[in-house]
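Tertiary structure, described
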Amino acid sequence: MGMEELRRIPETSRSAIVVFLLLCVHVAHSFYLPGVAPQDFEKGDELKVKVNKLSSIKTQLPYSYYSLPFCQPRKIVDSTENLGEVLRGDRIENAPYSFKMREAQMCNVLCRITLDDKTAKAFKEKIDDEYRVNMILDNLPLVVPVDRSLSYTDVVYQLGYHVGLKGQYAGSKEQKFFIYNHLAFTVRYHRDVQTDSARIVGFEVKPYSVKHEYDGKWSEKTRLTTCDPQTKRLVVSSSTPQEVEPNKEIIFTYDVDFQESEVKWASRWDAYLLMNDNQIHWFSIVNSLMIVLFLSGMVAMIMLRTLYRDISRYNELETQEEAQEETGWKLVHGDVFRIPTNSDLLCVYVGTGVQCLGMVFVTMIFAMLGFLSPSNRGGLMTAMLLLWVFMGLFAGYASSRLYKMFKGTEWKRIAFRTAFLFPAVVSAIFFVLNALIWGQKSSGAVPFGTMFALIFLWFGISVPLVFVGAYLGFKKPAVDDPVKTNKIPRQIPEQAWYMNPVFSILIGGILPFGAIFIELFFILTSIWLNQFYYIFGLLFIVFVILIVTCAEITVVLCYFQLCSEDYLWWWRSYLTSGSSALYLFLYATFYFFTKLQITKLVSAMLYFGYMLIASYAFFVLTGTIGFYACLWFTRLIYSSVKID
């Protein structure tokens, strides 16, 4: 752009461009991937420790930290940041712990409580259900280092520490409950040599159960005899544990130690995300690729044979009888594009599948770029929810385009059904599950404010976008069929047993499921066993393989179906790849009985309820991939053949 042209731009526009460029420069300097920007701490700076939910893999029901009578700060302040955190059951609040950067503290007394029947029962229940306490410091979750000398690494980290433990005294068979009332925190930091400021790169704890003792009457200045830095008496074991019983006194104490670390701030999550099973992930991808290569070979064979037959039809050396015999799929050209039964419902499901596909695809792109790393708590769920809402535009467009192809005229009706069918089913299941969680007084229950926000996202944004998309799709001219449809339907000959619709649909779902089931194990583990899932790059490869597998298996089975003169392919193409969702749900059931320790009925209902929603979404997504692959295939082969 020359100076002369620049002068012609109005003053306001010029200033706007300057501001935009400055913003770009600022963003380039200040933007940090993944997660949050680093924070520098000087020596003696106050560190804010936050408490998160109590979580258990046995019950899957999270509870607020202060639902148990732990020590409390003067005022409890809630600091949940986004919609995803609320939906996950995260309840992040301030803690009574007082940390000063690089200033070690020993035997700090937090508070003293005396248990009554109710509080003792509450602690016992949480200890029995193996609840863990989760905390956060500078956006890093608290971990307990566990020695694993037989493992690939010497130390494995577990998220959060147990509320307590069960055990027996020596010589007694009676089971007792003990509480972890002394916490030895270790804060690891990376120091900048030039500025002497430091960044936090690790937050660990070793919990102990100690029956604290003191001389005289209790006051704020009372010194403990079991933990006193002046007499060098420190807690290093749980040899005299603190029992949980009514009328027992519990004194909560903590130590803080600061250790310099070579780990840089950008690598501080590596310890949390340490994976010992990368080989299994690669095996998963190789397994999936083998399936794809096998199917691709079949599709290539079919394509070449189809084109070969098309040419051979005009080969004079071939008799008319042979040509007639070889062109089974050509015989149904007058019926192959006949409008299917329940065509409106098919349009709705295809539109919803496009919405799901768009949401998953864009979410994975964001996740691969690091926007949705584990440091961004609740980010994945928030992103998926918002993308689902905005993808309503494409759902409306896809369903109305197909509806117009089926000679439909009432586009508003199809838009309404697309906007409400899938979300209504999911919402109904979600409300039932939420009512169960409410009944358990768990923090996992979605509050009314959040519920209102979800309803607003659906009715206020998603529904109008579906209607806009449907209007735009319906305005475009209809897609013409490559061949004319006969007025009288052709009779379908009796099919071989292996071409039975139910059999071929169930067979069709095995390979797409086979392409993803190893990766599915890791996803289920991260959701239900409270572990991090972060290898979105590998997941994206598996997702692409899934798309290719769904498309290819549907094309192969559709070809065999047309060759046997059965032209009812519309719904079958959707159900063929969509049936992989059935195998997903069966695998989830197998996982429940073999890997999870859930014993409560409510927890089991939650698991199967959420897996039902996931399987339903997977059905819609894979079914749509298969449908579009088949639609493209049939249009391609029937447009390439000359029909008399």
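Structure's up top.
Note that the structure is predicted; figures quoted are calculated from it, not measured. (Residues numbered from 1 in each chain as written. Predicted model: local features only at pLDDT ≥ 70, side-chain atom pairs only at ≥ 80, totals over all residues. Heavy atoms only, no water.)

Counting buried positions over the nine residues of helix H15 (residues 570-578) gives seven, a clear majority of the element. Of the surrounding elements, those touching the buried residues of H15 are helix H7 (343-368), helix H9 (392-405), helix H12 (501-508), helix H14 (536-563), helix H16 (580-595) and helix H17 (601-640). (Buried < 20%, exposed > 50% of the residue type's maximum accessible area, 1.4 Å probe, protein only. Helix = DSSP H or I, 4+ residues; strand = E, 2+ residues; numbered from the N terminus. Contact = heavy atoms within 4.5 Å.)

What follows concerns the state of the cysteines. Tallied over the entire structure, the rule returns two disulfides. Linked covalently through their sulfurs, Cys71 and Cys111 form a disulfide whose S-S length is 1.9 Å. Taking the sign of the torsion about the S-S bond as the criterion, the disulfide between Cys71 and Cys111, at about -75°, is left-handed. Pair noted here: Cys71 is in the loop between strand S2 (49-55) and helix H3 (83-88) and Cys111 is in strand S5 (residues 105-114), with a separation of 40 residues, a long-range link. The same class applies to Cys71 as to Cys111, namely buried. The residue that forms a disulfide with Cys107 is Cys227, at a sulfur-sulfur distance of 1.9 Å. Measuring handedness by torsion sign, the sulfur bridge of Cys107 and Cys227 sits at about -85° and is left-handed. With Cys107 in strand S5 and Cys227 in the loop between strand S14 (198-208) and strand S15 (249-260), this residue pair connects regions lying 120 residues apart in the sequence. Across this residue pair, the class does not change: Cys107 and Cys227 are buried. When the bonded cysteines of the chain are numbered from the N-terminus onward, they pair as 1-3, 2-4. (Disulfide = S-S within 2.5 Å.)

This paragraph deals with the nonpolar core. Formed by 161 residues in total, the largest nonpolar core has its most connected members in Tyr97, Phe99, Phe123, Met135, Phe185 and Phe203. Considering every element that reaches this core, the biggest residue donor is H17, with 18 residues. Ignoring sequence-local partners within four residues, the contact set of Tyr97 consists of Val49, Tyr65, Leu110, Met135, Tyr161, Leu183, Phe185 and Tyr254. Grouped together as the second largest cluster of nonpolar side chains are eight residues, Tyr208, Leu224, Cys227 and Val235 included. (Core = buried A, V, L, I, M, F, W, Y, C linked by side-chain atoms within 4.5 Å.)

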